[in-house]
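# Topology and contacts: notes
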Amino acid sequence: MTATAPASPVPVAPAGLSERARRYVEVAGVRVDRQDLGQRREAWIGLGVPAREIDRATAFQDRWGGLALPPAPFYEGGPRILGADRPEGSATEGWWHSAGDSRVSTAYGFMIGPDGAFGIHAHRWTPLHASTDGWVESLALADHARRWARSVTRVTRGAVEALDLGGFEPVSEVRGVTDTWWRGRDSLIAFYRGEAVGMDAPQCLEAHVYEGLDEWGLYGG
């Protein structure tokens, strides 16, 4: 009997991502071992977790589990390694499962919500992106913009909402909910509202303005 070959540390990006995000995952990401949720299925059902929620967590694990990406520019770097765990919730409130452990101790956890959104659970549940794909797209776009922008400006507190979005359009691939990205003629703006909303902390409101991008820098191709 031969030993099972170890999984390759080089990840293969899931289908459906933009070319920019696919390259980001495969060049900057690392795949590590991930837990097999199937081994815990019966135990979790015995604890009252619905089978459909276990299936949902398993689908997340199959798509994203074990993927380690570089730190995010906000949210204390984001999850250290993407991965699901036992769903928590109820039939009335809905069910959440972990999106991965935090890199550092934070006042919130990264979760996947009842509708599949990627967000933070702090004082309240706050969806950041409509899907984990959107979160990964935002990481890829931030990495891309930092490399190609002529200047990067960090805007905080009340000045964030005063930013003029005239001539800008939403960047659809990041699937923004609380956090959004906007594309202008030669600029990108990333709004990070999640901590301000999720922790009732308006002082955490922040935006990053990337200026001086050419078409390649704006669209990634």
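Further up the page is the structure itself.
Note that the structure is a prediction, hence the values are computed from the model and not measured.

### Concerning the pattern of salt bridges
Where charged atoms from two side chains of opposite charge come close, those side chains can pair. As enumerated under the stated definition, the model contains 16 salt bridges in all. Note that Asp85 and Arg40 form a salt bridge whose closest N and O atoms lie 3.5 Å from each other. Taken as a pair, Asp85 in the loop between β3 (79-82) and β4 (88-90) and Arg40 in the loop between β1 (30-31) and α2 (41-46) lie far apart in primary sequence, 45 residues in all. Classification of Arg40 by relative accessible area gives partly exposed; the value is 37%. The partner of Glu169 in a salt bridge is Arg183, with the nearest N and O atoms 3.9 Å apart. Of this pair, Glu169 sits in strand β10 (residues 169-170) while Arg183 sits in strand β11 (residues 180-183), and the two are 14 residues apart along the sequence.

### Focus on helix α4 (residues 132-148)
Each α-helix turn comprises 3.6 residues. Residues three or four places apart therefore point the same way. Between its first and last C-alpha, α4 extends 25 Å over 17 residues, near the 24 Å set by a 1.5 Å rise per residue. Within α4, 14 of the 17 residues are buried, which leaves the element mostly enclosed by the surrounding structure. Between the side-chain oxygen of the N-cap and the backbone nitrogen of Asp133 there are 3.3 Å, and the N-cap of α4 in question is Ser131.

### Focus on helix α3 (residues 51-64)
Over its 14 residues, α3 extends 20 Å from the first C-alpha to the last, a length consistent with the 20 Å expected when each residue adds 1.5 Å. For α3, the set of buried residues is Glu53, Ile54, Ala57, Phe60, Gln61 and Trp64. Buried residues in α3, looked at end-on, bunch into an arc of 120°, giving them a common side. Residues Arg52 and Asp62 are exposed on α3 and point more than 90 degrees away from its buried face. Phi turns positive, to about 85°, at Gly66, one or two residues after α3.

### A few points about the environment of Asp55
Mapped onto the elements, Asp55 comes out in helix α3. Of the residues examined, Asp55 reaches a relative accessible area of 40% and is grouped as partly exposed. Separated by 90 residues in the primary sequence, Asp55 and Ala145 place their C-alpha atoms 36 Å from one another. In this structure the side chain of Asp55 is engaged in a polar contact, spanning 2.7 Å, whose partner is the side chain of Arg41.

### Focus: the sheet that holds β11
Overall, antiparallel pairing links the five strands, which are arranged β9-β13-β12-β11-β10 in an open sheet. The open sheet is flanked by β9 (151-156) and β10, the only strands paired with a single partner. Of the strand pairs in this sheet, β9 and strand β13 (residues 206-211) are connected by six bridges, and their pairing is antiparallel. Counted as the bridge partner of Val155 is Ala207 from β13.

### Focus: unusual backbone geometry
Peptide bonds are, in most cases, trans, and in most cases residues other than glycine have a negative phi. Backbone geometry places Tyr75, a non-glycine residue, at a positive phi of 60°. Inspection of the secondary structure assignment puts Tyr75 in the loop between β2 (67-68) and β3. The buried category is assigned to Tyr75, whose relative accessible area is 2%. Of note in this structure, Asp200 is not a glycine but carries a positive phi near 50°. By the element assignment, Asp200 lies in the loop between α6 (194-198) and β13. A residue is classified by how much of its surface remains accessible, and Asp200, at 44% relative accessible area, is partly exposed.

Reading guide: rules and limits
- Residues numbered from 1 in each chain as written.
- Predicted model: local features only at pLDDT ≥ 70, side-chain atom pairs only at ≥ 80, totals over all residues.
- Heavy atoms only, no water.
- Salt bridge = Lys/Arg side-chain N within 4 Å of Asp/Glu carboxyl O.
- Helix = DSSP H or I, 4+ residues; strand = E, 2+ residues; numbered from the N terminus.
- Buried < 20%, exposed > 50% of the residue type's maximum accessible area, 1.4 Å probe, protein only.
- Expected span 1.5 Å × (residues − 1).
- Polar contact = N/O pair within 3.5 Å; in protein donor to acceptor, adjacent residues only side chain to side chain.
- Arc of directions from axis to C-beta.
- Pairing = 2+ DSSP bridges.

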